[in-house]
Amino acid sequence: MAALKWLVGVMGVLIVLGTVGLVVVLVQRMGGAAGEAALPPASLGQPAGTRMLSVAAAEGRIAVLVARPDGTERLLLLEPRRGRVVGELRAAE
């Protein structure tokens, strides 16, 4: 009978430790996912007066259509993790 009491006590402790461990892992994963989604502050490197016309997701990148003060429009491709411009498309020179 003493062995059964000891076994029940050990299993109770294991259940409590497992529950605490599960809660800790869930909190860490939820906190990490929210931090990765945010874009770091960045400059697009465009001249003053440039307007952003639209923003869209494009195959792991962020596409931003901008209108520059000289009347030209450009499509900038941003890398989401670093928030930097990795490509630029111009309709005409």
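Since we're looking at a predicted model, the values are computed, not measured.

1. Considering the side chain of Arg 74
The residue Arg 74 is located in strand β3 (residues 73-79) in this model. Its relative accessible area of 14% is what places Arg 74 among the buried residues. Here the side chain of Arg 74 touches Glu 88 through a polar contact of 2.5 Å, side chain to side chain. With residues near it in sequence (within four places) discarded, Arg 74 still touches Gln 46, Val 64, Leu 65, Val 66, Arg 68, Glu 88, Leu 89 and Arg 90.

2. A few points about the pairing of β3
Judged from the 6 bridges that link them, strand β2 (residues 61-67) and β3 form a sheet pairing that is antiparallel. Considered in β3, the bridge of Val 64 is made with Leu 76. Hairpin geometry of β2 and β3 is characterised by an intervening segment of 5 residues between the two adjacent antiparallel strands and by a positive phi of about 95° at Gly 71. Where β3 and strand β4 (residues 84-90) come together, 6 bridges link them in antiparallel fashion. Across the sheet, residue Glu 79 finds its bridge partner in β4, namely Arg 84.

3. Re the pairing of β2
As paired strands, strand β1 (residues 51-58) and β2 are joined by 7 bridges and run antiparallel to one another. Opposite Ala 57, over in β2, you have Ile 62 as the bridge partner.

4. A short note on the confidence of the model for the chain
The share of residues in the chain with pLDDT of 70 or more is 86%, and the mean pLDDT across the chain is 85. Ranking the helices and strands of the chain by mean pLDDT puts β2 first, with 91, and helix α1 (residues 2-37) last, with 86.

5. Focus: the pattern of salt bridges
Under the definition given, this model contains 3 salt bridges. Ionic pairing is found between Glu 88 and Arg 74, a salt bridge with its closest N-O pair at 2.5 Å. Linking Glu 88 in strand β4 with Arg 74 in strand β3, this pair joins segments that are 14 residues apart in sequence. Taking relative accessible area as the criterion, Glu 88 reaches 33% and is therefore assigned partly exposed. Among the salt bridges present, the one from Arg 90 reaches Glu 88, with a minimum N-O distance of 3.1 Å. A residue is classified by how much of its surface remains accessible, and Arg 90, at 45% relative accessible area, is partly exposed.

6. A look at the sheet that holds β1
Within the open sheet, the 4 strands sit side by side as β1-β2-β3-β4. Their pairing is antiparallel. At either end of the open sheet lies a strand with only one pairing partner, and these are β1 and β4. Recorded for the sheet is a direction-independent mean angle of 25° between the axes of neighbouring strands.

Scoring rules and cut-offs
- Residues numbered from 1 in each chain as written.
- Predicted model: local features only at pLDDT ≥ 70, side-chain atom pairs only at ≥ 80, totals over all residues.
- Heavy atoms only, no water.
- Helix = DSSP H or I, 4+ residues; strand = E, 2+ residues; numbered from the N terminus.
- Buried < 20%, exposed > 50% of the residue type's maximum accessible area, 1.4 Å probe, protein only.
- Polar contact = N/O pair within 3.5 Å; in protein donor to acceptor, adjacent residues only side chain to side chain.
- Contact = heavy atoms within 4.5 Å.
- Pairing = 2+ DSSP bridges.
- pLDDT = per-residue confidence, 0-100.
- Salt bridge = Lys/Arg side-chain N within 4 Å of Asp/Glu carboxyl O.
- Axes fitted to C-alpha atoms, helices over the stretch in contact; angles between N-to-C directions.

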